[in-house]
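Take a look at the letters that make up each chain.
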Amino acid sequence: MINLTKYYPMHLKTSLLLLLVTPFVFGQAKQSKELSILNKTDFKITYSSDLKLDESGKDGMVFLLLTEKTDSEDNFIENINLIKQDLENLDIDLDKFVAITEKQIIERGKLVDSKRLKRNGMEYQRLVCEVFLHNFDLKFLQYDFVKNNKAYVLTFSAKIDVFEKYLKTIEPVMKSFTLK
């Protein structure tokens, strides 16, 4: 959740705030566990087809991968989403992007972990945070990338009490994300 109002134009603030916006979409996911690939011009991600893909662009997200409802009482759908930010003419590299992100997380919640990683020759920041949002205690795993004057924020969102349950199956999906 990044507030760039005092640093950068309003459209950035709006888009970056969306990284903690979590959809409340209820739908049935596919039952098979075959692998599917979302292959776009600037990125690729591999995911289990038991996750439901939504490319509608809702809330400014490039895509959503939604889990199934666990039962009729399930009022939050865990998901992976991608937000892409145009950073043209803003002189923001990964270090600056992460500094702004961490500051805003600390202002609104708890930063659990933040570390710089490198995979497939690409550097990114892995953040874990907890935030109370929309009447839910949520936990987020977020990967931040900056490439070609664009920020890519890949986020897994879950209720705190089920975050670890999903992490073993969700993090490999997130690790499959590559920029071209």
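Residues numbered from 1 in each chain as written. Predicted model: local features only at pLDDT ≥ 70, side-chain atom pairs only at ≥ 80, totals over all residues. Heavy atoms only, no water.

**Focus on the layout of surface pockets**
Considered as a void within the structure, the largest pocket measures approximately 300 Å³ in volume. Lining the largest pocket we find 13 residues, and of these K33, D50, L51, Y166 and T169 sit closest to its centre. Take the lining of the largest pocket: its biggest share by element is 5 residues, from helix α3 (residues 163-175). By residue class, the composition of the lining of the largest pocket is 4 nonpolar, 4 polar and 5 charged. (1 Å grid on protein atoms, 1.4 Å probe; cavity = no way out; pocket = protein on both sides within 12 Å on 5 of 7 lines; lining within 4 Å. Points joined across faces, edges and corners; volume = space filled by probe spheres on them. Helix = DSSP H or I, 4+ residues; strand = E, 2+ residues; numbered from the N terminus. Nonpolar A, V, L, I, M, F, W, Y, C, P; charged D, E, K, R; others polar.)

**Notes on the side chain of E171**
If you trace the backbone, E171 turns up in helix α3. Of the polar contacts made by the side chain of E171, one reaches the side chain of R126; its length is 2.9 Å. Here Y143 takes part through its side chain, which lies 2.7 Å from a polar atom of the side chain of E171. (Polar contact = N/O pair within 3.5 Å; in protein donor to acceptor, adjacent residues only side chain to side chain.)

**Concerning the sheet that holds strand β2 (residues 43-48)**
Read from one edge of the open sheet, 3 strands run β1-β2-β10, paired in antiparallel fashion. The sheet is open, and its two edges are formed by β1 (35-39) and β10 (178-179), each paired on a single side. Pairing of β1 with β2 involves 5 bridges; the strand directions are antiparallel. Within β2, the position partnered with I37 by the bridge is T46. (Pairing = 2+ DSSP bridges.)

**Focus: the pairing of strand β9 (residues 150-159)**
With 8 of its 10 residues buried, β9 lies for the most part within the structure. Where strand β5 (residues 79-86) meets β9, 8 bridges bridge the pair, whose relative direction is antiparallel. Paired with I83 across the two strands is V153, which belongs to β9. Strand direction decides the pairing type here: strand β8 (residues 136-147) and β9, joined by 10 bridges, are antiparallel. The residue bridging F145 from the neighbouring strand is Y152, located in β9. (Buried < 20%, exposed > 50% of the residue type's maximum accessible area, 1.4 Å probe, protein only.)

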